[in-house]
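# Secondary and tertiary structure notes
Here is what each chain is made of, one letter per residue.
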Amino acid sequence: MENVLLPNLAKIVKNEKMTAIERFLQAEVVDKKFAEIFDYNPGQFIEVSIMGVGEAPISICSIRTKKGSIDLCVRNVGRVTNAIHHLNVGSLVGLRGPYGNGFPMEEMEGSSLLLVAGGLGVAPLRSVLQYALKNRAKYKDITVFYGIRTYDTMLFRDEFYNLLAEGDKLGCKFYLSYEDAKDAKCLSLEAEHSDRCMSGVVTKLFERIKMSPKDTYAIICGPPIMYRFVVQELTKRNLPPEKIYMTLERRMKCGIGKCGHCIIGDGTSIKYVCKDGPVFTYWDALHAKGMI
Amino acid sequence: MKYVKLPKENFSAFVENLKTHGKVYGPVKVGEFYSFQEIKNSKQMSLDYPRTMIPPKKFFLTLKEKIFTFDEEKGKYEEALEEGKIVVFGMHPCDINALKLMDKIYIDEAPDKYYKTRRENAIIIGHSCHPDEYCFCQSLGTNYATDGFDIFLHELKDGFFVRIGSDKGNAIASENSKLVKNVESKDIEDFREAERKREEEYTLELNIRGLTDMLALAYESDVWKEYADKCFGCGSCNLVCPTCRCYDTVDNVNLNLKSGERLRRLDSCMLRKHGLVAGGLNFRPTRIERLRNRFNCKGSLRENMLNCVGCGRCTVYCPSKIDYVEVHKKVRGEL
């Protein structure tokens, strides 16, 4: 019988600094047989184990590019993530998963996508974006809103700068907002691409676009405070709640609906964020208490 | 269902024979409480026990267990699963029904190997009970076990009316064919009479009609604050609840700092850290949210399925005397 709590070994092949607190890691699973079947969808997460330190759920930040490989963007906020930051190339970690439902990429086919990311929330949305760009013909417009605090906190800088500068050629409209209005690097970005970059919170970017609520899906990920404001903007523009997807953060210790930490909702609608989510619609949030 | 009769005089021999199926655990009085302990003979057991403090979930989802060892130098994880056969003797219907709820979490979806193995390695022998003033299992329909046991003993004046609930139970009955008899019409009448009387003994009731809606509608109610002010946040209710199954894991490192083990231990949703994520954000920061979450969780395992069996433990062992049924009455606005 399979043991769902036993991690699979993986080797770190890349560990690069992205910002002061975030690093990009690439790992490859050791077992060749497992590598064959190891695959994941945008929006799913993986439980990363560091021997002797513990285990933490980390969202996967890319689509699969190579058999057995996985990309993670990790912020140093706790014991496990701190240990992850200090991993050398070649060190072994344990992986369990992928877990969670992920975004319904097939259901959204034929529609426009609006991705709204705040800060580290861009990590899971990057895999959505990669998937949509890879299957570009299946979607109408692809628009990305990315909110950062300062230039120094911007993740995947080169990649997103590219999208900002020539996103339209690559198939997506990329907008950037920055909170620190005095940030010199952001200001120069704005000077360069004033139509796509502005200061303010991420919801300000809604001023820049026209949305057709009939055939648009919104996909949100960011700090908990962000959801309410983004949902407000979307609702104002008549996007129905069932077309607003968001991915939630909770303490997901087991990832498989057993350990009980990520429970949300009330007596009528108990949900496990790890198993029933982490992707929920705003409609779900309206009916399960304590979601956003 | 197959039925046999176990005469009183053959009871201790029957218990003795169970030892061939593994370590036998039964309800034993320890101080003023009862506990499932390994027994050497049937006389050690107090089968008239109202409830044990720690429910028999401890045999399946243990309070603390090693789930695997790791070795960084050798680069491997090694499963640590101790297999031992056990017989849990004298479980009450509520606890048997609680295990069935637990199975839904731990076996039905993404089976947990540790739990499932131990469930398969255990023989469950149920025993009839009499309710005290804290039992409200009748309201939940969990005061009778229709399945989930191998053998169930209903105590009669001159012995036991025995229900055989599984192939394993049938094999045990066959092994003990010299000790058991066929049921006669008088036994059936005695069994009916005992069950009838038992049904009348219940004094406490929990109204479960629309309970989940009542919980949802009381989400913003002051009830939670009122009881959170009384609650110590100690987590006793979680520990003694036969359906509470939250766990946490922790890694222990050996002195060489290269190898070690991962432990799993029961967790409690009443503790502050339960909803805390790295970075300091707590999704259930106050006792109000934690208490409300517990009651809502007990109110719903899944849609249309309560996660409570009415054993009364959380009320009995709450150091602050928070009464589960009373809280629900307040939730309904009846008090």
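### Focus on the nonpolar core
As a rule of thumb, soluble globular proteins bury nonpolar side chains together. Judged by nonpolar contacts, the single largest core of 176 residues is most densely connected at A:Leu115, A:Ala218, A:Ile219, A:Ile220 and B:Ile125. Ranked by residues supplied to this core, first place goes to helix H2 (residues 93-108) of chain B with eight residues. Contacts of A:Ile220, omitting those with residues within four sequence positions, involve A:Val116, A:Tyr227, A:Val230, A:Ile244, A:Tyr245 and A:Met246.

### As for the interface of chain A and chain B
At the junction of the two partners, chain A supplies 34 residues and chain B supplies 42 residues. Elements with a contribution of two residues or more to the side of chain A that touches chain B: strand S4 (54-59) and strand S6 (92-99) of chain A. Among the elements that take part in the side of chain A that touches chain B, S4(A) stands out by supplying three residues, more than any other. Among the residues making up the side of chain A that touches chain B, the classes are represented as 15 nonpolar, 11 polar and eight charged.

### Concerning the domain arrangement of chain A
Residue and element names in this part refer to chain A. Partitioning chain A into structural domains gives domain 1 (8-99) and domain 2 (112-247). Between domain 1 and domain 2, the C-alpha centre-to-centre distance is 25 Å. With 13 residues of domain 1 at the interface, the matching set in domain 2 holds 13 residues. Classifying every residue of the side of domain 1 that touches domain 2 gives seven nonpolar, four polar and two charged.

### A short note on the domain arrangement of chain B
Residues and elements named next belong to chain B. Considered domain by domain, chain B is made up of domain 1 (2-62 + 76-200) and domain 2 (211-245 + 269-331). Using C-alpha coordinates to define each centre, domain 1 is positioned 28 Å away from domain 2. Facing the 21 residues of domain 1 at the interface are 17 residues of domain 2. Those elements giving two or more residues to the side of domain 1 that touches domain 2 turn out to be H2 and helix H4 (137-140). The element contributing the most residues to the side of domain 1 that touches domain 2 is H2, with eight residues.

### Brief notes about the sheet that holds strand S12 (residues 244-247) of chain A
Residues and elements named next belong to chain A. Taking strand neighbours across the sheet as the criterion, the seven strands line up as S10-S9-S8-S7-S11-S12-S15 in an open arrangement whose pairing is mixed. At either margin of the open sheet sits one strand with a lone partner, and together these are strand S10 (197-199) and strand S15 (279-281). Neighbouring strand axes in the sheet, compared pairwise and without regard to direction, differ in orientation by 20° on average. Alignment of strand S9 (residues 173-178) against S10, held across three bridges, turns out to be parallel.

### Side note on the packing of H2(B) against helix H3 (residues 113-120) of chain B
Residues and elements named next belong to chain B. The geometry of H2 relative to H3 is characterised by a closest axis approach of 8 Å and an angle of 125° between their N-to-C directions. By the angle between their directions, the pair H2 and H3 is classed as oblique. Like other packed secondary-structure pairs, H2 and H3 cross with a definite hand, here left-handed. Of the residues in H3, those in contact with Asp103, Tyr106 and Ile107 of H2 are Tyr115, Lys116 and Arg119. A class-by-class count of the residues in the contact of H2 with H3 yields three nonpolar, no polar and three charged.

### A short note on unusual backbone geometry
Here the residue pair A:Gly97 and A:Pro98 is connected by a cis peptide bond, since its omega of 5° sits within 30 degrees of zero. With respect to the secondary-structure elements, A:Pro98 resides in strand S6. Cis geometry is adopted by the peptide bond preceding A:Pro278, which originates at A:Gly277 and carries an omega value of 5°. Structurally, A:Pro278 can be placed in the loop between strand S14 (271-272) and S15. In this model, B:Ala110 sits at a positive phi of 40°, which is unusual for a non-glycine residue. Of note, B:Ala110 is situated in the loop between H2 and H3. The residue B:Leu257 is not glycine, and still its phi comes out positive at about 60°.

### Thoughts on the sheet that holds strand S12 (residues 259-266) of chain B
All names here are of chain B. In space, the four strands of this open sheet follow the order S5-S4-S12-S11, with antiparallel pairing throughout. The open sheet has two free edges, formed respectively by strand S5 (76-79) and strand S11 (247-253), since each of these has just one partner strand. Along the sheet, successive strands turn relative to each other by an average axial angle of 25°, direction set aside. The pairing of strand S4 (residues 64-71) with S5 spans four bridges and is antiparallel. In the strand pairing of S5, aspartate 71 is matched with lysine 76.

### Considering the environment of B:Val30
Of note, B:Val30 is situated in strand S2 (residues 23-30). C-alpha separation for the pair B:Val30 and B:Thr52, spaced 22 residues apart in sequence, amounts to 9.8 Å.

### Some remarks on the packing of helix H8 (residues 223-230) of chain B against helix H10 (residues 287-299) of chain B
Residue and element names in this part refer to chain B. With their axes 8 Å apart at the nearest point, H8 and H10 run at an angle of 110° to one another. By the angle class used here, H8 and H10 are roughly perpendicular. Along its contact with H8, which presents Trp224, Lys225, Tyr227 and Ala228, the element H10 presents Arg287, Ile288, Leu291 and Arg292. For the contact of H8 with H10, the per-class residue count stands at five nonpolar, no polar and three charged.

### So, the pairing of S9(A)
Residue and element names in this part refer to chain A. Counting buried positions over the six residues of S9 gives five, a clear majority of the element. Of the strand pairs in this sheet, strand S8 (residues 142-148) and S9 are connected by six bridges, and their pairing is parallel. Bridge assignment links phenylalanine 145 to a residue of S9, and that residue is tyrosine 175. With helix H4 (residues 157-170) bridging S8 and its parallel neighbour S9, the resulting β-α-β unit is right-handed. Handedness of the crossover is the feature at issue here: the chain leaves S9, passes through helix H5 (residues 184-192), returns alongside S10, and the resulting connection is right-handed.

About the criteria used
Residues numbered from 1 in each chain as written. Chains lettered and ligands numbered in written order. Predicted model: local features only at pLDDT ≥ 70, side-chain atom pairs only at ≥ 80, totals over all residues. Core = buried A, V, L, I, M, F, W, Y, C linked by C-beta atoms within 7 Å. Buried ≥ 20, exposed ≤ 12 C-beta atoms within 10 Å, placed from the backbone. Helix = DSSP H or I, 4+ residues; strand = E, 2+ residues; numbered from the N terminus. Contact = placed C-beta atoms within 7 Å. Nonpolar A, V, L, I, M, F, W, Y, C, P; charged D, E, K, R; others polar. Domains from an automatic or database assignment. Pairing = 2+ DSSP bridges. Axes fitted to C-alpha atoms, helices over the stretch in contact; angles between N-to-C directions. Parallel < 35°, antiparallel > 145°, perpendicular 65-115°, else oblique. Left-handed = near helix turned anticlockwise from the far one by under 90°. Right-handed = clockwise from strand over helix to strand, strands pointing away.

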